[in-house]
Amino acid sequence: MPNHEADLETRARAWLKDDPDPATRRELEGLLEKRDQPAIEDRFGAKLVFGTAGLRGLLGAGPNRMNRAVVLRATAGLAAWVKAQVPGAQERGVAIGFDGRRMSREFADDAARVLLGAGFRVHAYSTVVATPVLAFTVLDRKAAAGIMITASHNPPEYNGYKVYWENGAQIIPPNDVGIAEAIDAVELAKLPLADGDVTKHPRYAALGEDVIDRYHAGVQKLVRSRDAKRNVRIAYTALHGVGERFTQRALAEAGFGDVHSVAAQAKPDGAFPTVSFPNPEEEGAMDLVLALATDKDADLVLANDPDADRLAVAVKAPNGRYTMLTGNEIGCLLAHYLLSAVPPASAGQNDGRVVVSTVVSSPMLGAIAKAHGATWEQTLTGFKWIANRAMDLERAGRSFVFGYEEALGYSVGTLVRDKDGVSAATVMADMAAWCQSQGRTLLDEREVMWRKYGLFLSKQVSLVRPGMEGLREIAAMMDRARANPPAKVGTLAVTEITDLEKRERRTGNKVERLDGPTSDVLVYALEGGHRVMLRPSGTEPKLKLYHDVHIAIAEGEPVTEALARGEKFLTDLAVAFRSQIAHE
């Protein structure tokens, strides 16, 4: 047997000895018996690392899968780091929530068992909960940290482990690095664990409806137009996730009584029987709610992803069909509405309000902020950066209004220091009611925005490369792009290159050093005010390509003509960029 294979088998047998889960032990024993080398290498040739503030991966045996052993180790590392960094951490405790995916409840109980064994108090939900509610709970209970067991919008075979710091936001450096190092030092066989039923432990506090009531009270404070009549008919889906209970209540308390839910997708179900990929952005995921909308003649369609931290929106068009809004369009509509609702102290003057988006989100947010006398800031990809930057700005005396990322994540105000699909759905319905009171729809308001701020169009293309070989291919494409940057993308000259891994911006022969954390992102500014960029996904085996164009609408030009012109330009640009990056 080659040395590499022997080493992998040694690691697998050592893992087998400590694995507490009979199901994953049986899985690994079967692979070893069959000598399934590719499967063994996939599980033991790498390990899950902290990406978007935690862990996420396929369920299964080994360090490169989500399983009970990984969760036990992760929680032990988290406990050690939090105890060392947060004063009074053990007494303040850690808040724990879980969604409806396979093994979520078991992982939550294992996390509680580790924390109790390490002397921590535990604040835990006994039933499934939305991710933004858990983030709120960290602040509400003044906990030292939070754990949410969820894989968000990933396929059914996945689960994950999301970590929140004491400030209610997802972790950022140095805490992610510190936790990862602490995890590496864990000896699973020597780990002290609470025995028996964790809910009976004296340091275990079951979280009740009072916390959820306070969350919902906060959501209602975000509503801007209570005077507008609530005649908007809504079709909603939770996509087999946890959103039904929370979003339906929030909408009802905001006065929306004509809400119809997709019954087949209303209850949490980790098998996701009606969708193969429970991400509202994926083809087919919205089919049932769009059919319901057509049947009920709904004005507005709302969908949460399975852990209810994201929001998808569709609007009935004049022809009776439904138009899906992109993540950028939703974010810009919400920002336009929120900044318009509270005018600045004096026209044209910055009054301290700030909106924040990730670097891969539409630059249209900057045009909206400028028009309203507010400031626009950009962060690295991942909502953890938006939330933490917002708090930095607040400490400097600024007022955080709104943050968003193009992947359907939105944060209104300071109620939750993370994306929140429940409050975003409520505010979007509120905006639809306001538009209706003005004799307009959200699609009409989108055109108002395009004419006022400019027509910004965006497109994302994902190059999917699964497995270890796929990860190597993605890394090679990034290396090539750095080593041989294009002078042109299609017919457009590259005017500036920003490398967020090197923290530098190149304009011709001039190099500007950038402050802040690093990220594996390349941004190419193009002549004419357009841009393209690329980055590996932090949670999926994809290389993501982003494209943004800014089109001038001529005076008197029908917006349909400008839109058609812009979409063709955007499509041609995306085809050219993909060809250059993937060598297709």
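Above: the structure in question.
For clarity, every value in this text was computed on a predicted model and none was experimentally measured.

Reading the values: rules and limits
- Residues numbered from 1 in each chain as written.
- Predicted model: local features only at pLDDT ≥ 70, side-chain atom pairs only at ≥ 80, totals over all residues.
- Heavy atoms only, no water.
- Helix = DSSP H or I, 4+ residues; strand = E, 2+ residues; numbered from the N terminus.
- Rg over C-alpha atoms; globule rule 2.2 N^0.38 Å.
- Contact = heavy atoms within 4.5 Å.
- Pairing = 2+ DSSP bridges.
- Axes fitted to C-alpha atoms, helices over the stretch in contact; angles between N-to-C directions.
- Buried < 20%, exposed > 50% of the residue type's maximum accessible area, 1.4 Å probe, protein only.
- Core = buried A, V, L, I, M, F, W, Y, C linked by side-chain atoms within 4.5 Å.
- Salt bridge = Lys/Arg side-chain N within 4 Å of Asp/Glu carboxyl O.
- Phe/Tyr/Trp six-rings, centres within 6.5 Å; stacked < 30°, edge-to-face > 60°.

Observations concerning the overall build of the protein
Phase 1 of the analysis: Along the backbone of the protein there are 18 helices and 23 strands.
Phase 2 of the analysis: Radius of gyration (C-alpha) of the protein: 24 Å, near the 25 Å computed for a compact globule of 584 residues.
Phase 3 of the analysis: Seen along its three principal axes, the alpha-carbon backbone of the protein occupies a region of about 75 × 55 × 50 Å.
Phase 4 of the analysis: If you take every contact in the protein between residues at least 6 apart in sequence, the share linking residues at least 24 apart comes to 69%.

Quick notes on the sheet that holds strand β4 (residues 145-149)
Phase 1 of the analysis: With mixed pairing, six strands are arranged side by side in an open sheet as β1-β5-β4-β2-β3-β6. The open sheet has two edge strands with one neighbour each: β1 (54-58) and β6 (204-206). Mean inter-strand twist for the sheet, computed between neighbouring axes without regard to direction, equals 15°.
Phase 2 of the analysis: Against the sheet, helix α4 (residues 68-85) contacts β1, β4 and β5 (158-165), and its axis sits at roughly 5° relative to β5.

Section: the environment of glutamate 473
Phase 1 of the analysis: Along the chain, glutamate 473 falls in helix α17 (residues 467-483).
Phase 2 of the analysis: On the basis of relative accessible area, glutamate 473 is assigned to the partly exposed category, the value being 33%.
Phase 3 of the analysis: For glutamate 473 and leucine 408, which are 65 residues apart along the polypeptide, the C-alpha to C-alpha distance reads 27 Å.

Quick notes on the sheet that holds strand β7 (residues 234-237)
Phase 1 of the analysis: Ordered in space as β8-β7-β9-β10-β11, the five strands form an open sheet in which the pairing is mixed. With partners counted over all chains shown, the strands left at the sheet margins are β8 (259-261) and β11 (322-324), one partner each. Going from strand to strand, the sheet's axes swing by 25° on average, the running direction of each strand aside.
Phase 2 of the analysis: Of the pairings in the sheet, the one linking strand β10 (residues 311-316) to β11 comprises three bridges and is antiparallel in character. Across the sheet, residue lysine 316 finds its bridge partner in β11, namely tyrosine 322.
Phase 3 of the analysis: In the packing of helix α10 (residues 243-253) onto the sheet, contacts are made with β7, β8 and β9 (300-304), and the angle to β7 comes to roughly 155°.
Phase 4 of the analysis: Packed on one face of the sheet, helix α15 (residues 421-437) meets β7, β9 and β10 and runs near 175° to β9.

Examining the nonpolar core
Phase 1 of the analysis: Membership of the largest hydrophobic core comes to 119 residues, with the highest contact counts inside it found for Leu300, Leu302, Phe402, Tyr524 and Leu534.
Phase 2 of the analysis: It is α15 that provides the largest number of residues to this core, a total of 10 residues.
Phase 3 of the analysis: The next biggest cluster of nonpolar side chains, apart from the first, holds 57 residues, and it includes Ala39, Trp81, Leu115 and Ile149.

Some thoughts on the pattern of salt bridges
Phase 1 of the analysis: Inspection of every chain in the model, using the stated rule, returns 44 salt bridges.
Phase 2 of the analysis: Between glutamate 187 and lysine 190 there is a salt bridge, and its shortest N-O distance comes to 3.3 Å.
Phase 3 of the analysis: The exposure class assigned to glutamate 187 is partly exposed, which follows from its relative accessible area of 47%.
Phase 4 of the analysis: Salt bridges here are not isolated pairs; linked through shared partners, they connect Lys162, Asp305, Asp309, Arg310, Glu405 and Lys419.

Looking at the packing of aromatic side chains
Phase 1 of the analysis: Evaluated as defined, the whole model comprises six aromatic pairs.
Phase 2 of the analysis: With 5.7 Å between their ring centres and 45° between their planes, tyrosine 337 and tryptophan 434 make a pair best called tilted. Of this pair, tyrosine 337 sits in helix α12 (residues 327-341) while tryptophan 434 sits in helix α15; the two residues are 97 residues apart in sequence, bridging distant segments of the chain.
Phase 3 of the analysis: Plain terms: the ring middles of tyrosine 524 and phenylalanine 577 are 6.2 Å apart, the flat faces sit at 85° to each other, and that makes the pair edge-to-face. Here tyrosine 524 is found in strand β21 (residues 522-526), whereas its partner phenylalanine 577 is found in helix α18 (residues 559-582), with 53 residues between them in sequence. Each member of the pair tyrosine 524 and phenylalanine 577 is classed as buried.
Phase 4 of the analysis: One aromatic cluster in this structure is built from Phe402, Tyr404 and Tyr410.

Quick word on the pairing of strand β20 (residues 510-513)
Within a regular strand, side chains alternate between the sheet's two faces.
Phase 1 of the analysis: Taken together, the four bridges between strand β19 (residues 504-507) and β20 define a ladder with antiparallel strand orientation. In the strand pairing of β20, glutamate 504 is matched with arginine 513.

What to know about unusual backbone geometry
Phase 1 of the analysis: The omega angle of the peptide bond from proline 173 to proline 174 is 5°, so this bond is cis rather than trans.
Phase 2 of the analysis: One non-glycine residue, arginine 35, adopts positive backbone phi at about 50°.
Phase 3 of the analysis: Relative to the helices and strands, arginine 35 resides in the loop between α2 (22-34) and α3 (37-44).
Phase 4 of the analysis: Backbone geometry places alanine 308, a non-glycine residue, at a positive phi of 65°.
Phase 5 of the analysis: With respect to the helices, strands and loops of the structure, alanine 308 is situated in the loop between β9 and β10.
Phase 6 of the analysis: Alanine 308 gets classed as buried once you look at its relative accessible area, which sits at 0%.

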